[in-house]
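What follows is the residue order along each chain.
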Amino acid sequence: QVQLAESGGGLVQAGGSLRLSCAASGKIFSVNAMGWYRQPPGKQRELVAVINFGGATNYAESVKGRFTASRDNAKNTVSLQMDSLKPEDTAVYYCNFNGRESRFLARRDYWGQGTQVTVSS
């Protein structure tokens, strides 16, 4: 099993910054991608930023230029630097790991427990 440990999040005023971090541990055979999703109140979970193994990052349009994702392949960690935060960024943020526990198992998604980010106006 793969475990994801998230840290960061909290309450910040609009225009402020926060940093989220996530570390994957456990049975990891290969990693395809790591990144972040979020679920705003009353809405569905949505992609924020995902980094593939080659290092290419896919950002949601709403966060481009404000959020920066980074990944350490050797340590299986991913971080999200969030600047110029807006009230509409308020959500539960989830770390995502897409990979395999062994060569005999299919690639699948794993999720962190989620961390609350609240941006006040």
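Above this text is the structure in question.
Definitions and limits used
- Residues numbered from 1 in each chain as written.
- Predicted model: local features only at pLDDT ≥ 70, side-chain atom pairs only at ≥ 80, totals over all residues.
- Heavy atoms only, no water.
- Helix = DSSP H or I, 4+ residues; strand = E, 2+ residues; numbered from the N terminus.
- Buried < 20%, exposed > 50% of the residue type's maximum accessible area, 1.4 Å probe, protein only.
- Contact = heavy atoms within 4.5 Å.
- Disulfide = S-S within 2.5 Å.

> A description of the environment of glycine 114 should follow, citing residues and the corresponding values.
Among the structural elements, glycine 114 can be located in the loop between β10 (108-111) and β11 (115-120). Classification of glycine 114 as buried rests on a relative accessible area of 18%. In this structure, the C-alpha to C-alpha distance between glycine 114 and tryptophan 36, residues 78 residues apart in sequence, is 9.8 Å. Those residues in contact with glycine 114 that lie beyond four places of it in its chain are Glu6, Val92, Tyr93 and Tyr94.

> Requested: an account of the state of the cysteines, with residues and values cited.
For the structure shown, the criterion picks out one disulfide. Each sulfur of the disulfide joining cysteine 22 and cysteine 95 lies 2.0 Å from the other. One disulfide, between cysteine 22 and cysteine 95, carries an S-S torsion of -80° and so falls in the left-handed class. Here cysteine 22, found in strand β3 (residues 18-26), pairs with cysteine 95, found in strand β9 (residues 91-100); they are 73 residues apart in sequence, far enough to count as distant. Under the relative-accessibility criterion, cysteine 22 is labelled buried at 3%.

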